[in-house]
Amino acid sequence: MSGDPIYTEMIIEYSRNPSNYGKLEDAHIHRHDSNPLCGDSIDLYLNIDGDKISDIKFDGKGCAICMACSSVLTEMIKGKTLDEVKKFTKDELLSELGLEHLIKTSPVRIKCALLSLKTLKFGIYSYFVDKLKDSESAGNLNEEAANLY
Amino acid sequence: MQATTSSFKDLRNDFPVLNRRVRDNKKLVYLDNAATTQKPNQVIDAISDYYKNHNSNIHRAVHALAEESTEAFEETRDKVAKFLNVEDSQEIIFVRGTTEGINLVAYAWGRDNIKEGDIIVTTEYEHHSNIVPWQLLTQEKKAKLKYIDIDDNGELMLEQLDDYLSTGKVKLVTFSHMSNVLGTISPVKEIVSKCRSVGVKVLIDGAQSVPHMKIDLTDLNSDFYVFSAHKMLGPTGVGVLWAKKEILEKMSPFLGGGDMIREVHKYETTWNDLPYKFEAGTPNIADVIGFAKAIEYLEKIGMNNIRNHELELTKYALDEMKKVPGITLYGTKEPEKRGGVVSFNFNDVHPHDVGTIIDKEGVAIRSGHHCAQVLMEKLNVAATNRASFYIYNTKEEIDVLISSLQHVAKVFKL
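What comes next concerns the included structure. (Residues numbered from 1 in each chain as written. Chains lettered and ligands numbered in written order. Predicted model: local features only at pLDDT ≥ 70, side-chain atom pairs only at ≥ 80, totals over all residues. Heavy atoms only, no water.)

**Overview of the overall build of chain B**
Short version of the rule: Strands are runs of DSSP state E lasting at least 2 residues, helices are runs of H or I lasting at least 4, and numbering of each runs from the N terminus. The size measure is the radius of gyration over C-alpha atoms, and the globule rule it meets is 2.2 Å times the number of residues to the 0.38 power. In what follows, residue pairs with any heavy atoms lying within 4.5 Å of each other are defined as contacts. Computed by Shrake-Rupley with a 1.4 Å probe, the accessible areas treat only the displayed protein chains as cover when residues are assessed. Under the convention used here, Asp and Glu are negative, Lys and Arg are positive, and both His and the chain ends fall outside the count. Where a charge sits is defined by one atom per residue type, namely NZ (Lys), CZ (Arg), CG (Asp) or CD (Glu).
Looking only at helices and strands, chain B has 14 helices and 17 strands in total. Since a compact globule built from 414 residues should have a radius of gyration of about 22 Å, the 22 Å found for chain B is in line with a globular shape. Overall, chain B is about 70 × 55 × 35 Å in size when its C-alpha atoms are taken along their principal axes. Within chain B, contacts between residues separated by at least 24 positions form 71% of all contacts whose residues are at least 6 apart in sequence. By element, 48% of the accessible surface of chain B is carried by carbon and sulfur atoms, the whole surface being about 17,000 Å². In chain B, which carries 50 positive and 58 negative side-chain charges, the distance between the mean positions of the two groups comes to 3 Å.

Now the structure itself:
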């Protein structure tokens, strides 16, 4: 089973030791989401300083793919500006873990891979609506999040 | 048919899909029978024959095809009645499946009989289909939904039922005959007799029991019993609601439309006789007719032989799985108290990862919450793996399942 296209060393390692795992008390953004069909379930917490993501954590229950992608996403997003997060694509996340092929090969498991990104986009969406009153950015984000998979 | 291991193996020839190779040319090992079973040629051919030679709507036209189709459809009803030892086949209502059957009762019986403050009792090991319709009903009626908890063995804590019944407010107790996750077989007779003694109605979800054991509805003496054809070799889209005639007669209709009426005037309608009062619209004729062949097939093997075969497989699976380090098994340790369903977790590997990795070995099991999130919460897990057996499964297939777990261990460096 060496050279498994999904369960690479990196995925297994991240699933065992997820990064940025935990809660942020009184986070500026807190968003929960789950995949109703497979049961992956995560909470994402973000703090915003100016226009930057100053801190980000996640916790929840999920498979190795979900845990690894959530970990990598938080690593990639930390320190980015809201504008950069808005433009951040699923391809960027998937390629970081070598999982681009899931889009074609596994319509089931792609949901595990993208749950955290969907949660992030929805979280930022509500932040744009509630705090920044920026409905144009919010609208695009909402649409993107809803159509992620 | 003799109930020997080899004769059960011979059955495999009747199921074309079992010869399939999947993924990297691996032999299919189908262990997801609690979700749906495979179909034998006898069922597939009957459906095909119906469309090729008889297809017609039923119950009205007088032409030859309509007559043949109506007869085959109604013969299935009689066959179902006999299969379950129901004397009056008017008590057999065809629905789309267990889910629709339960919703029918919740809507047509529940809306007339559940009032504010009433209690409906269900259990922690129900499928969502036996929880959500009752949530909808109790919310609408300001009634209460209560749960019988399960103990560490995965068995119902029946003393809680006594407490609920003693309030005098319980109107319905609804539970699955066999848990789709733990395999626990509910103490049906005990529950029914407790409810009978205080005049409380009983609904039993038989989706996991009717396919696997002899069910005698006269003997069980519940008020409602519901199950699906597709979990017992039959087609999808067919299920059965059985209920006592005096209850069905008093019940309001579920869906309004064709076939369920006697006379329709501009502002009022009278209902058709049972069972048609509850079968509005053109039913799933072809699949109901196919279902008859599934019942014939099971009867030929014998339900007690099927139960014994599955018991043997379950014992074997439990024994073998116990030997694998890192496996957590859920449910009672006594095979006689459970059906052919084994839920487990493997070390801390998430069931979706287990499922994906062993799928590459051709092994089909279910990983997830099995539409039983209330139970997952109770077990404090996000999901489990579930292997479930049927007539065509073999001990060799269980060996493949277990050896495929070695791959999981290797991938996860356990």
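**Observations concerning the pairing of strand S8 (residues 201-205) of chain B**
Residues and elements named next belong to chain B. Selection rule: Exposed residues in this analysis have more than 50% of their type's maximum accessible area, buried residues have under 20%, and partly exposed residues fall in between, with area computed by a 1.4 Å probe over protein chains only. Two strands pair if DSSP finds at least two bridges between them. By convention, a crossover is right-handed whenever its connection, traced from the first strand over the helix to the second and viewed with the strands pointing away, goes clockwise.
Of all five residues that make up S8, four are buried, and the element is covered over most of its length. Where strand S7 (residues 170-176) lies against S8, five bridges are found, and the strand directions are parallel. Of the residues in S8, the one forming a bridge with threonine 174 is leucine 203. The parallel pair S7 and S8 is bridged by helix H7 (residues 188-196), and the resulting crossover is right-handed. Bridge count for S8 against strand S9 (residues 224-228) is three bridges, and the pairing is parallel.

**Things to note about the nonpolar core**
Where we set the bar: Grouping buried Ala, Val, Leu, Ile, Met, Phe, Trp, Tyr and Cys residues that are joined through side-chain atoms within 4.5 Å yields what is termed a nonpolar core. Marked domain ranges trace back to an automatic or database domain assignment.
The biggest cluster of nonpolar side chains holds 77 residues, and the ones touching the most others in it are Val173, Phe291 and Ile391 of chain B. Among the elements that take part in this core, helix H10 (residues 285-301) of chain B stands out by supplying ten residues, more than any other. When residues of this core are assigned to domains, at least three map to each of domain 1 (5-30 + 302-405) and domain 2 (45-299) of chain B. Setting aside chain neighbours within four positions, we find valine 173 of chain B in contact with Val121, Leu161, Leu165, Ile191, Cys195, Val200, Lys201, Val202 and Leu203 of chain B. In terms of nonpolar packing, the next biggest core, distinct from the first, is built from 74 residues, Ile11, Ile29 and Val72 of chain A together with Leu329 of chain B among them.

**Looking at the packing of helix H1 (residues 9-16) of chain A against helix H2 (residues 64-77) of chain A**
Residue and element names in this part refer to chain A. Filter applied, for reference: The convention used is that axes are lines fitted to C-alpha atoms, helices contributing only their stretch in contact, and that angles between N-to-C directions extend from 0 to 180 degrees. Any angle between 65 and 115 degrees counts as roughly perpendicular, while under 35 counts as roughly parallel, over 145 as roughly antiparallel, and the rest as oblique. We call Asp, Glu, Lys and Arg charged. Ala, Val, Leu, Ile, Met, Phe, Trp, Tyr, Cys and Pro are nonpolar, and the rest, Gly among them, are polar.
Contact geometry for H1 and H2: axes closest at 8 Å, N-to-C directions at 85°. Comparing the axis directions of H1 and H2 gives the class roughly perpendicular. Counting all contacts with H1, which are made through Ile11, Tyr14 and Ser15, the residues of H2 involved are Ala64, Ile65, Met67, Ala68, Ser71, Val72 and Glu75. A per-class count over the contact of H1 with H2 returns seven nonpolar, two polar and one charged.

**Topic: a negative patch on the surface**
Residue and element names in this part refer to chain B. Note the cut-off: Without a salt bridge and with relative accessible area above 30%, a residue can belong to a patch; like charges are then joined within 9 Å and nonpolar side chains (Val, Leu, Ile, Met, Phe, Trp, Tyr) within 5 Å. The salt bridge definition used is simple: a Lys or Arg side-chain nitrogen within 4 Å of an Asp or Glu carboxyl oxygen.
A contiguous patch of negative charge on the surface is contributed by Glu67, Glu68, Glu71, Glu75 and Asp78. For aspartate 78, the position within the fold is in helix H3 (residues 64-83). For aspartate 78, a relative accessible area of 42% gives the class partly exposed.

**Some points on the interface of chain A and chain B**
How we decide: Summed over both partners, buried area is the accessible surface (1.4 Å probe) that two parts give up on being assembled. Here a polar contact means two N or O atoms within 3.5 Å. Within protein one must be a hydrogen donor candidate and the other an acceptor candidate, and residues neighboring in sequence count only if both atoms are side-chain atoms.
Chain A puts 20 residues into the contact, and the matching count from chain B is 19 residues. Interface area, chain A with chain B, both sides summed: about 1,600 Å², of which 54% is carbon and sulfur. Inspection of the region where chain A meets chain B yields four salt bridges. Linking arginine 109 of chain A and aspartate 353 of chain B is a salt bridge whose minimum nitrogen-to-oxygen distance equals 3.0 Å. Inspection of the chain A/chain B interface yields nine residue pairs in polar contact (both at pLDDT 80 or more). At the level of secondary structure, the elements contributing two or more residues to the side of chain A that touches chain B comprise H1 and H2 of chain A. Residue contributions to the side of chain A that touches chain B peak at four residues, all from H1 of chain A. Here the side of chain A that touches chain B is built from residues that sort into eleven nonpolar, three polar and six charged.

**Some remarks on the layout of surface pockets**
We count it as follows: Buriedness of a pocket was judged along seven lines, with at least five required to meet protein on both sides within 12 Å; pockets are open sets of points on a 1 Å grid over the protein atoms alone, cavities are sets where a 1.4 Å probe fits but cannot get out, and lining residues have an atom within 4 Å of a point. Grid points are joined across faces, edges and corners, and a volume is the space filled by probe spheres set on the points.
By volume, the largest pocket is sized at about 1,000 Å³. Forming the walls of the largest pocket are 37 residues, and the residues nearest its centre are Val108 and Arg109 of chain A together with Arg23, Thr356 and Asp359 of chain B. Where the lining of the largest pocket is concerned, the elements lending two or more residues are helix H5 (102-105) and helix H6 (109-130) of chain A together with helix H12 (351-359), strand S15 (363-364) and strand S16 (366-368) of chain B. If you tally residues by element for the lining of the largest pocket, the top one is H12 of chain B, at four residues. Class assignment for the residues of the lining of the largest pocket results in 17 nonpolar, 13 polar and seven charged.

Just geometry here; none of it tells us what the structure is for.
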